[in-house]
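# Inside the fold
As a plain string of letters, each chain reads:
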There are 2 protein chains.
Amino acid sequence: MSRDIAVVGSGLVGVVLALTLKKKGYQVVVYDKSCDIRTLDFRGRSINLALSDRGWRILDKIDIADQVRAIGIPMYQRAIHTIEGEVKHQPYSIKGDAIWAISRGDLNKHLIAIAEEAGVIFKFETPIWDVDLDNGILYTAKEEAMQWKAIKHDLVIGADGAYSRIRARMQKQSRFEYQQSYLHLGYKELVIDAAEVGEHKLAPNSFHIWPRKDFMLIALANVDGSFTCTLFMPFEGDVSFDNIKTDEDIRVFFAKYFPEVPQLMPDYIAQYLRNPVNSLVTMKCFPWIYKSKVALIGDAAHAVVPFYGQGLNAGLEDVFVLSEILDEYDEAKWDEILSRYQEMRKPNGDAIAELSYQNFREMSEHTADDTFLLRKKIESKFASQYPDLWLPLYDRVTFSTDTYVAALEMGKQQGLWMDIIMREDNIKDKWDSQEIMEKLKEIIQS
Amino acid sequence: MSRDIAVVGSGLVGVVLALTLKKKGYQVVVYDKSCDIRTLDFRGRSINLALSDRGWRILDKIDIADQVRAIGIPMYQRAIHTIEGEVKHQPYSIKGDAIWAISRGDLNKHLIAIAEEAGVIFKFETPIWDVDLDNGILYTAKEEAMQWKAIKHDLVIGADGAYSRIRARMQKQSRFEYQQSYLHLGYKELVIDAAEVGEHKLAPNSFHIWPRKDFMLIALANVDGSFTCTLFMPFEGDVSFDNIKTDEDIRVFFAKYFPEVPQLMPDYIAQYLRNPVNSLVTMKCFPWIYKSKVALIGDAAHAVVPFYGQGLNAGLEDVFVLSEILDEYDEAKWDEILSRYQEMRKPNGDAIAELSYQNFREMSEHTADDTFLLRKKIESKFASQYPDLWLPLYDRVTFSTDTYVAALEMGKQQGLWMDIIMREDNIKDKWDSQEIMEKLKEIIQS
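Residues numbered from 1 in each chain as written. Chains lettered and ligands numbered in written order. Predicted model: local features only at pLDDT ≥ 70, side-chain atom pairs only at ≥ 80, totals over all residues. Heavy atoms only, no water.

Once that is clear, we can look at the overall build of chain A. In terms of helices and strands, chain A carries 15 helices and 20 strands. For 446 residues, the compact-globule estimate of 2.2 N^0.38 gives 22 Å, and chain A sits close to it at 23 Å. Summarising its shape, the C-alpha atoms of chain A cover approximately 70 × 60 × 40 Å along the three principal directions. Taken across its 446 residues, chain A has 54% of its residues classed as buried. Counted over contacts in chain A with a minimum sequence separation of 6, partners at least 24 positions apart contribute 69%. Taken as a whole, chain A presents about 19400 Å² of accessible surface, with 50% of it coming from carbon and sulfur. (Helix = DSSP H or I, 4+ residues; strand = E, 2+ residues; numbered from the N terminus. Rg over C-alpha atoms; globule rule 2.2 N^0.38 Å. Buried < 20%, exposed > 50% of the residue type's maximum accessible area, 1.4 Å probe, protein only. Contact = heavy atoms within 4.5 Å. Areas by Shrake-Rupley, 256 points an atom, 1.4 Å probe, with all protein chains shown as cover.)

Turning our eyes to something else, we now look at the pairing of strand β17 (residues 278-286) of chain A. All names here are of chain A. Sheet topology note: the strand β13 (residues 177-192)/β17 ladder contains eight bridges and is antiparallel. Across the sheet, the residue bridging to Y187 is N278, located in β17. Judged from the two bridges that link them, β17 and strand β20 (residues 302-303) form a sheet pairing that is antiparallel. Across the sheet, the residue bridging to M283 is A303, located in β20. (Pairing = 2+ DSSP bridges.)

Moving on to the relation of the copies chain B and chain A. Between the two copies of the chain lies a relationship made up of a rotation around an axis and a movement along it. Between chain B and chain A, the superposition needs a rotation of 180 degrees and an axial shift of 0.1 Å, giving an RMSD of 0.0 Å. Such values leave the two copies arranged in the relation of a two-fold axis. By C-alpha distance to the rotation axis, the residue of chain B lying nearest is Q179 of chain B, at 2.0 Å. Here 100% of the contact residues of chain B are again contact residues in chain A; the copies associate through an equivalent surface. (Least-squares fit on C-alpha atoms with pLDDT ≥ 70 in both.)

So, about the interface of chain B and chain A. Often the size quoted for an interface is simply the accessible area lost on bringing the parts together. Each partner contributes residues to the interface: chain B has 25 residues there, and chain A has 25 residues. Note on chain B versus chain A: buried area summed over both sides is about 2200 Å², and carbon and sulfur give 39% of it. For the chain B face of the interface with chain A, the top three residues by lost area are A145, R175 and Q180 of chain B, together amounting to 27%. Between the two partners, chain B and chain A, sit four salt bridges. Across the pair E236 of chain B and R175 of chain A runs a salt bridge whose closest N-O atoms are separated by 3.3 Å. (Buried area = accessible area lost by both parts, 1.4 Å probe. Salt bridge = Lys/Arg side-chain N within 4 Å of Asp/Glu carboxyl O.)

Once that is clear, we can look at the pattern of salt bridges. Residues and elements named next belong to chain B. If you walk through the whole model with that rule in mind, you get 56 salt bridges over all chains. The closest approach of N and O atoms between K376 and E379, which form a salt bridge, is 3.7 Å. Of this pair, K376 and E379 are both found in helix α11 (residues 370-385), three residues apart, which corresponds to roughly one turn of the helix. Judged by its relative accessible area of 32%, K376 falls in the partly exposed class. Of the residues examined, E379 reaches a relative accessible area of 15% and is grouped as buried.

All names here are of chain A. Once the domains are mapped, chain A shows domain 1 (4-72 + 104-180 + 281-359), domain 2 (182-279) and domain 3 (369-445). The interface of domain 1 with domain 2 comprises 16 residues on the first partner and 13 residues on the second. For the domain 1 and domain 2 pair, buried surface summed over both sides reaches about 1300 Å², with 58% attributable to carbon and sulfur atoms. Put simply, domain 1 and domain 2 have zero salt bridges between them. Taken together, domain 1 and domain 2 are joined by one residue pair in polar contact (both at pLDDT 80 or more). (Domains from an automatic or database assignment. Polar contact = N/O pair within 3.5 Å; in protein donor to acceptor, adjacent residues only side chain to side chain.)

Turning our attention to the nonpolar core. Ranked by internal contacts, the top residues of the largest apolar core, which has 158 residues, are L51 and L138 of chain A together with L51 and L138 of chain B. Ignoring any residue separated from it by four or fewer positions in sequence, one finds L138 of chain A in contact with A6, V8, Y31, I128, D130, V131, K149, A150, I151, H153, V156 and I166 of chain A. (Core = buried A, V, L, I, M, F, W, Y, C linked by side-chain atoms within 4.5 Å.)

As for its placement among the helices and strands, R165 of chain B is situated in helix α5 (residues 165-171). The exposure class of R165 of chain B is buried, given its relative accessible area of 18%. The contact partners of R165 of chain B, leaving out residues within four places of it in the chain, are R169 and K172 of chain A together with I128, W129, E144 and D160 of chain B.

Residue and element names in this part refer to chain A. A surface patch of negative charge is lined by D106, D193, D224 and D267. Mapped onto the elements of the fold, D267 is located in the loop between α7 (261-264) and α8 (268-274). Assessed through its relative accessible area of 32%, D267 is described here as partly exposed. (Patch = residues over 30% accessible without salt bridge, like charges linked within 9 Å, V, L, I, M, F, W, Y side chains within 5 Å. Lys, Arg positive; Asp, Glu negative; His and termini not counted. Charge placed at Lys NZ, Arg CZ, Asp CG, Glu CD.)

A word on the confidence of the model for chain A. Confidence in the prediction of chain A, expressed as mean pLDDT, is 93, and 97% of residues score 70 or more. The ipTM, which scores confidence in the relative placement of chains, is 0.85 for this predicted complex, and the corresponding pTM is 0.90. (pLDDT = per-residue confidence, 0-100.)

Attention now moves to the packing of aromatic side chains. Considering all chains together, one arrives at 53 aromatic pairs over all chains under this definition. A centroid spacing of 5.5 Å and a plane angle of 75 degrees characterise the contact between W56 of chain A and W100 of chain A, whose relative ring orientation is edge-to-face. Of this pair, W56 of chain A sits in helix α2 (residues 53-61) while W100 of chain A sits in strand β7 (residues 99-103); the two residues are 44 residues apart in sequence, bridging distant segments of the chain. When the centroid spacing of 6.3 Å and the interplanar angle of 65 degrees are considered together, the rings of Y92 of chain B and F399 of chain B count as edge-to-face. Placement of Y92 of chain B in the loop between β6 (87-91) and β7 (99-103) and of F399 of chain B in helix α12 (residues 393-399) is noted, with a sequence separation of 307 residues between them. Classification of Y92 of chain B as buried rests on a relative accessible area of 5%. Among the aromatic residues, ring-to-ring pairing joins F215, F241, F253, F254, Y257, F258, Y268 and Y272 of chain A into one connected group. The ring of F320 of chain A has K61 of chain A lying over it, and the distance from NZ or CZ to the ring centre is 5.6 Å. Sitting above the plane of the Y404 of chain B ring, R54 of chain B keeps its charged end 4.1 Å from the centroid. (Phe/Tyr/Trp six-rings, centres within 6.5 Å; stacked < 30°, edge-to-face > 60°. Lys NZ or Arg CZ within 6 Å of the ring centre and 35° of its normal.)

Another point: the sheet that holds strand β2 (residues 27-31) of chain B. All names here are of chain B. Pairing is mixed in the open sheet, where six strands are placed in the order β8-β2-β1-β12-β19-β18. Looking at which strands have only one partner, the edges of the open sheet turn out to be β8 (121-123) and β18 (289-290). In terms of strand pairing, strand β12 (residues 155-158) meets strand β19 (residues 294-296) through three bridges, oriented parallel. The partner of V156 across the bridge, within β19, is V294.

Across the junction of F286 of chain A and P287 of chain A, the peptide omega takes the value 0 degrees, indicating a cis bond. Following the sequence through the fold, P287 of chain A ends up in the loop between β17 and β18 (289-290). Phi is positive for K213 of chain A, which is not a glycine, with a value near 65 degrees. One can find K213 of chain A in the loop between β14 (206-211) and β15 (216-221). Although it is not a glycine, E125 of chain B sits at a positive phi angle of roughly 50 degrees. Relative to the helices and strands, E125 of chain B is located in the loop between β8 and β9 (128-132). Among the residues examined, E125 of chain B registers a relative accessible area of 57% and is labelled exposed.

Below you can see the structure in the form of structure tokens.
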């Protein structure tokens, strides 16, 4: 009995999900309000992302990892650009692990083509305005204010992002837990063009960061030689999008904080003026499922701030876990399948939201704090000396498939251990002594 | 220039708001998806409420308080029914203040009639599905899936309750803060019929409570001699709506915990089986306004759990504050008027949500706790001895017009003072000594 499944949303998670389900033998139709992204030209705007181990897992499972790697660039280290113009390098892992920069738009185009080839049906320009949860009926119309048409499926999966319409219907149920909260930071995208086609102006295999405490600029390489940059900055306040508006404001701001930019990006003022400021939401909800009929996945179920680079990876891990459950369960028992999916993923959705927010706080509050930097130095030295005893939190989140819940817990435990070591007398002077390394080892093993 | 105002929702807050605005000379149209409540007969289901000082303030201001009092019953005290069948009385205030039990349905009918008489236009059976925030355009249709019709007003006020459609549109804006959260308790309404017409089976001027720690029953008198009761109980767990389902379950449950009920309410089993279980939500959001075009009020802006009896009173206080601002400001400057309204009310909406939730925790966690009861006894003795130094939190919330923010803060301060006094040696033995009273006085005055 082949179930007929609707996936709402043709973003990365929606398409990978559709392909995964198709390969398992289901009929799959993907609905999206937008036109086919393959008909669009992205020059001048290509949102970037960093794919890490959790994301690769499902791509490997459905045999498309190699095709994706072909359009990505591995990043083995952070390149930290100081205000003095120095560049400091921090390898991501001692084992040589990398995260992969890939253009979101290019990846999406590729995935849609692969999924269509595999038999997934795409219905573009088909906005879904509402869903009948009990009956799996989607309602569509060109405009919301027009007469709606009903489309029935056996199962509806909402992969329609942080502003999900499927979730909006679920939110109207009694006892639906929901919260959305925004950072005081927004972001604006900027592009560094290629020196020549395929030739990068900065080292391509690094994740470039210009940290400036209350705001920062990052840059990720594209295969065409360009870099996609993101400027994170408060909406309001002293140094903010509100206060930096004129050509002169922009010129002064970059000259002061990012003096390399005018050379890397000669049209930076025009780009800054042209590109919009976007906001950063954390969204949590529960439940993610409705009986055997409806489920949420990816950003529709858990939207996180981007400071751990895990938003997409968490969504792809949802797909992986769902596919593992499907391997195990009787495929007729969708109520059990969805319950198990929710049970396994909801705590991890909460955990990655917390980890992402923590990382934002760390970056914005602590990076200039000497005690914090000392902690990080001790952790780092200990981890390289005793790699079996200390996997740094970043590595556990990015380069392991331990659950996010386990990563969050171990991160807290490591924090407690570090609290103890930081109370040692004269820790500032003897932090890199063997005595301290041994003490930390004792604490961990006790 | 008379502004043309739409009020969405014909509940109590919506109608009082409409009448207030009409009396100020505005054109006011009220929209509601339901039929005219005056065409309905309520026998068998009449949700009750307790009106207190904040609510009366706006009714006084628009000269309808006497008409409302005529259909209400003042309650001067709590009547606490113990499991042993005793009744303990606690006056609400030493000054003889009362809260008023009024049938929600009857009050709503009266208010609509008064508002209509004053020239407010009511459009019943006119569901509003969406709003264009920038242009103040409402969209209506018989069913959401049908072609919508646009209706334009100068200003739209959403008084459409905890599940507000106006707010749903605002929630889709970037940087809109939102959270909804449910208690593990639900509630079910039950009715004690009149002994004979107009004759009550219990003392009518008391608020009756049967507290049983994890669940409780309350009863408020109606003018026709009946009582509206509410049973609060967990959805799931040991003693819960999930576990009490059959005739026999219900019989055993009431016999054990509320042995008076079968006599007061001979058809209690039928009522229990027939009436639905409702949920209890706390909802917070921000902003409450959109430029000079849209505002939220009452439960649409701040839904709270009912354990302080302040939900409606908070909504009516919103109307009072808005009307005071209108008295003060140039009526053309609606952006300033709405900003001022939000600035004054949002912190108080948060404060009453916190107070209401605190009271729920107190009732469910502490009422059987000896230390907690001792604290309450000391506070109560001190308040009666030094009424100028100690207005109990309940009185400040219920019988004063101090802001909820001030009440919450003073409640915390009083808590800190009590923490100090509770650390006195042998406090259990000498709690009602003059020594303790003087110590507390010293602490407060220091």
